[in-house]
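Tertiary structure, described
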Amino acid sequence: MTGTAGTVGETASVFLQSGSGQGATEGAPLADTVGRLLGFGSNMGPGETLIAAFIGAFFIGNLMLAMTGVAGPWAKRKITAAFTDRIAVNRVGPFGLLIIVADAVRLLSKELVVPDGVDRPAWDIAPILMAGSALLGFAVIPMGNGIQLADPETGLVYVFAVSSLASLGLVAAGYASNNKYSLLGGLRSIAQNIAYEIPLVITAASVVIFAGTLQLSGIVAAQTEPLVTILGVSIPAWYAFVNPFAFVLFMAANLAEVGRNPFDIPEAPTEIVAGYQTEYSSVYFVLMYLGEFLHIFLGGAIIATLFLGGPAGPVLPGIVWFIIKIWAVFLFTQWMRSAIPRVRIDQLIEIGWKGMLVLSFANLVLTAVIVGLIA
Amino acid sequence: MSLEDPQDQRGAQDRELVGVTEEGVDYDALEDLLGEKVIGRESHVNAEAFVIRPDEVQDTLFALRDEAGFDHCSCLTAQEYEDRYESIYHLKKYDDPTQEVGVVVPTSKRAPRSQTAEPVYRTADWHEREAYDLIGIDYDEHPDLRRILLPETWQGHPMGMDYNQDQPQVVTFESHTNPLAEDHKGEESDTMFINIGPHHPATHGVLHLKTVLDGEQVADVKPDIGYLHRCEEQMAQQGKYRKEIMPYPDRWDYSSAGILNEWAYARAAEDLADIDVPEYAQVVRTMSAELSRMAGHMLAVGTFALDVYGDFTAIFQYAFRDREKILNLLEDLTGQRLMFNYLRLGGLAWDLPEPREEYFDTVRDFLDELPQNVEEYHDLISSNEIFQIRCVDTGVLEPDVAKSYGATGPVARGSGIDYDLRRDDPYGYYPELDWDVITEDGCDNYARVLCRLQEVEQSARIIEQCVDLLEDWPEEDREIQSNVPRTLRPDEDAEIYRAVEAAKGELGIYIRSDGTDKPARFKIRSPCFSNLQTLPELSEGEYIPDLVASLGSLDIILGEVDR
């Protein structure tokens, strides 16, 4: 968690010295744009910056929550149905889209059951932590068309740091629920997240070697160069094309990070009955669920930024491309969920520590050697 | 569970087995073997039975198992007469189930005590608990003689003769044992007690597993059954043979395997009352039974995938898609999708639906698509690498252990036991058809799934041949029902134990007639009941996910376990 992020920060800063920083603009790009729209002028005071930043955050937060709202009650059902030869929701509204409203009303109007003996502050904080940590991560993601709330130099480290806060939420939910299934789920999730966060971050570090910066806008900018031109179509130097091995590793580790098949063991409905979620109902359940989907989207956003050129793409505006890429990753997780069996906890740990970790380090060293030889 | 050493069962095979002749079992030789232990001899319709003293049960059974090779304790029937209690052990051989023998153990009315058979056949553990629970016979030296189907606070033994039906069974919540009361903290290690079920996504119904976990590993698991007990035996005893019992079997194994269950009753009752079944009806029975088996296996494979994969995945839906087609075929045939009630004693309820050609075409279309669909299952399930690391070498059931527990069906065949009543104890039209018994030597969860998938293909072969036969059947010979008296009264004191190969294994029925039009004792030998008993063997020491997978691979239907 924070410990891992710290290690990566150090590792990355070593590489940074050889890189050139790329010098993207400091500060809060979206807040500046909002400030201009509100007529605050180019030199905003602290109060004006705060207002503009809040409006920007409100916009990004709502965009992501709206996407989650579409994904959770509707898209997930439709996608899974398509994979499993079914139709899914089609009665409420066109294509069943109004199920989103119906489900929201249904879930929010349910009774919030607080079981006996739950560890109260922790039990309440956990869902908020899970949803909040994912939302925080979106603050530094460049989404194209100048939509980026903040662009710190250590953007990548920040994203990993806040997104791994979710593990804290998981273990708090599992432990505080006073339910043995939840406890098992919490323990499993912590074991899984530790085992897979390291390969995730190490693989991301190999991208940092290429880009020479931890700043997300810098990483996106580094991918705009054409890699090769075939028949007049230039293929950009997205890191998914430059280093497909790292891309595959990252996708796999990301599946574990967001807890989807084959790595959905913290929930494992048929074994430990949804694990840490078991005792949550009503609004807390919604928050849990939102948190999960936000994490899938955040994972997609990180993948898009690190490997798929961020918002880059022809014809359509950047933000549209960005959302398409996020949804593509979401589709991938749903595909895995429909088709791949779940591994066992000991196998998962084995794959994580003996397989992924070794591969990710090999990838890092090889990348360093190659970049060192070329540069 | 008994911790005693499993007896060496292989030793028996090296020696010449007593009582084996060309024509079947030589009961006189067996009587000589048992010597003075035999105090009487009974003739059941299916086999001879020896009456022995209640304190010589183990000696007798050991002798029969080790010297005469009766390695399959198929069933234990307990019943109460006016003057005595009686336990009947129905013994068979896995190599040749037509070789049967009964061991009758009468016990006195005042103190019904009998020696346990658990050290000989481990399956006797649960069977004797059931006999104690419902009839009230005490089994001495039984390792764990508790109620099994009824709650532990139940008063009286409901299938006993002096049971008062009007006695109130109200007990306070406090008087139930609290499964959480036990402290599971050991000196060395911390274990955790956890109730899996009765409401849990992986228990396939209402099964309760009292599980002790050591971290993620299963230290101990005790299945607790009876949540779906519906007095099926009692209800069957109150129905007339001819038509009032047939609807009940559909409710035992309700995974669309109803016709197989009906056949179990039909076979036992027809043999008891000496009723012939026309050949044409046998072919239709065979076809419909195999459709039922396919539907049952599809459900088994689909839900097993659900247990291993974790969510409603493609395989589950594909299995249901194919099952749906089978259900449509069965609906056309029987008018029902779940509770078929299609078989009658001596025949069938009605002939194939008209127009016959159209029906045959639908069946053929389904059979034509099937190989492709089975290939799809193999792509998604058996050749999936993650599935293999999850299922290969997990939930191992050694053949000896399986035999001792009386495991049958795909569970036994997945452990390499070549035992299929359709071939070994022929009935219906099976002997005339060309098909294979599938066995897999893996002994693990993977082998059991492979077995089911291949059995689906074999069932398709059988159905195809049946359709060919039915298509060419001359119209004037389409006899679906033989002459059966309006009121069936089998001979007084006739007893029979007959089994068929149901979707889950050997489904046996014991009927004792008392000369009236209703059975005096109707006992169901459920394959799931015996198969579920192996669960602790499969899962102790393994991880929770393997426990869930093993449970899924046993393919239990709680309606049949609890009856």
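Since this is a predicted model, take the numbers as computed values, not measurements.

1. Some remarks on the overall build of chain B
The helix and strand inventory of chain B stands at 18 helices and 17 strands. In chain B, the share of contacts with a sequence separation of at least 24, taken over all contacts with a separation of at least 6, comes to 68%. Surface summary for chain B: the accessible area is close to 21000 Å², and the carbon and sulfur share equals 44%. Averaging the locations of the 53 positively and 117 negatively charged side chains of chain B gives two centres separated by 5 Å.

2. What to know about the sheet that holds strand S16 (residues 505–513) of chain B
All names here are of chain B. One open sheet accounts for three strands, arranged S15-S16-S17; its pairing is antiparallel. Edge positions in the open sheet fall to strand S15 (495–502) and strand S17 (519–525), since each of these has one partner strand only. Sheet twist, expressed as the average angle between the axes of neighbouring strands with direction ignored, equals 15°. Looking at chain direction, S16 and S17 are connected through six bridges and run antiparallel. Paired with Arg512 across the bridge in S17 is Arg521. Helix H6 (residues 258–273) contacts S15, S16 and S17 of the sheet and is inclined by roughly 150° relative to S15.

3. Quick word on the pattern of salt bridges
Residue and element names in this part refer to chain B. Within this structure, the stated rule accounts for 56 salt bridges over all chains. Residues Arg41 and Glu31 are paired through a salt bridge, measuring 2.7 Å at the closest nitrogen-oxygen approach. Here Arg41 is found in strand S3 (residues 38–43), whereas its partner Glu31 is found in helix H2 (residues 27–34), with ten residues between them in sequence. On the basis of relative accessible area, Arg41 is assigned to the partly exposed category, the value being 33%. Notably, a salt bridge pairs Asp436 with Arg461, separated by 3.1 Å at the nearest N-O pair. Of this pair, Asp436 sits in the loop between helix H13 (421–424) and helix H14 (445–471) while Arg461 sits in helix H14; the two residues are 25 residues apart in sequence, bridging distant segments of the chain. Judged by its relative accessible area of 27%, Arg461 falls in the partly exposed class.

4. Focus: the packing of aromatic side chains
All chains considered together, the criterion is met by 28 aromatic pairs over all chains. Ring centres of Phe332 of chain A and Trp335 of chain A lie 6.3 Å apart, and the angle between their planes is 80°; this geometry places the pair in the edge-to-face category. Note that Phe332 of chain A and Trp335 of chain A are positioned in helix H14 (residues 318–339) at a spacing of three residues, about one turn of the helix. Between the aromatic rings of Trp263 of chain B and Tyr427 of chain B, the centroid separation amounts to 5.0 Å while the plane-to-plane angle is 90°, which identifies the pairing as edge-to-face. Here the residue Trp263 of chain B occupies a position in helix H6, and Tyr427 of chain B occupies one in the loop between H13 and H14, the gap between them amounting to 164 residues. When its relative accessible area of 3% is taken as the criterion, Trp263 of chain B is described as buried. Among the aromatic residues, ring-to-ring pairing joins Phe285, Tyr289, Phe293, Phe297, Trp327 and Phe330 of chain A into one connected group. Of note, Arg321 of chain B hangs over the ring of Tyr318 of chain B, and the distance from its end group to the ring centre comes to 4.7 Å.

5. What about the domain arrangement of chain B?
Residues and elements named next belong to chain B. What the domain assignment reports for chain B is domain 1 (11–140) and domain 2 (241–492). Averaged C-alpha coordinates put domain 1 and domain 2 at centres separated by 30 Å. Contacts between the two partners involve 14 residues from domain 1 and, on the opposite side, 15 residues from domain 2. Ranking the residues of domain 1 by area buried against domain 2 places Tyr94, Pro97 and Arg122 at the top, with a combined share of 51%. At the boundary of domain 1 with domain 2, the tally comes to one salt bridge. Salt-bridge contacts for Lys403 lead to Asp71; the nearest nitrogen and oxygen are separated by 4.0 Å. Taken together, domain 1 and domain 2 are joined by four residue pairs in polar contact (both at pLDDT 80 or more). Broken down by class, the residue content of the side of domain 1 that touches domain 2 amounts to five nonpolar, four polar and five charged.

6. Quick word on the packing of helix H11 (residues 244–258) of chain A against helix H13 (residues 282–307) of chain A
When two helices pack together, their arrangement is given by the angle between the helix axes and by the axis-to-axis distance. Residues and elements named next belong to chain A. One can describe the packing of H11 onto H13 by two numbers: an axis separation of 10 Å at closest approach and a directional angle of 165°. Looking at the two axes, H11 sits roughly antiparallel to H13. Crossing hand, H11 versus H13: right-handed. Contacts between H11 and H13 involve Ala246, Phe247, Phe250, Met251, Asn254 and Val258 on the former and, on the latter, His295, Ile296, Gly299, Ile302, Ile303, Leu306 and Phe307. For the contact of H11 with H13, the class distribution of residues is ten nonpolar, three polar and no charged.

7. Describing a negative patch on the surface
Residues and elements named next belong to chain B. There is a patch of like negative charges on the surface, built from Asp332, Glu357, Glu358, Asp361, Asp365, Asp368 and Glu464. It is helix H9 (residues 356–382) that provides the largest number of residues to the negative patch, a total of five residues. Tracing the backbone shows Asp361 in helix H9.

About the criteria used
- Residues numbered from 1 in each chain as written.
- Chains lettered and ligands numbered in written order.
- Predicted model: local features only at pLDDT ≥ 70, side-chain atom pairs only at ≥ 80, totals over all residues.
- Heavy atoms only, no water.
- Helix = DSSP H or I, 4+ residues; strand = E, 2+ residues; numbered from the N terminus.
- Contact = heavy atoms within 4.5 Å.
- Areas by Shrake-Rupley, 256 points an atom, 1.4 Å probe, with all protein chains shown as cover.
- Lys, Arg positive; Asp, Glu negative; His and termini not counted.
- Charge placed at Lys NZ, Arg CZ, Asp CG, Glu CD.
- Pairing = 2+ DSSP bridges.
- Axes fitted to C-alpha atoms, helices over the stretch in contact; angles between N-to-C directions.
- Salt bridge = Lys/Arg side-chain N within 4 Å of Asp/Glu carboxyl O.
- Buried < 20%, exposed > 50% of the residue type's maximum accessible area, 1.4 Å probe, protein only.
- Phe/Tyr/Trp six-rings, centres within 6.5 Å; stacked < 30°, edge-to-face > 60°.
- Lys NZ or Arg CZ within 6 Å of the ring centre and 35° of its normal.
- Domains from an automatic or database assignment.
- Buried area = accessible area lost by both parts, 1.4 Å probe.
- Polar contact = N/O pair within 3.5 Å; in protein donor to acceptor, adjacent residues only side chain to side chain.
- Nonpolar A, V, L, I, M, F, W, Y, C, P; charged D, E, K, R; others polar.
- Parallel < 35°, antiparallel > 145°, perpendicular 65-115°, else oblique.
- Left-handed = near helix turned anticlockwise from the far one by under 90°.
- Patch = residues over 30% accessible without salt bridge, like charges linked within 9 Å, V, L, I, M, F, W, Y side chains within 5 Å.

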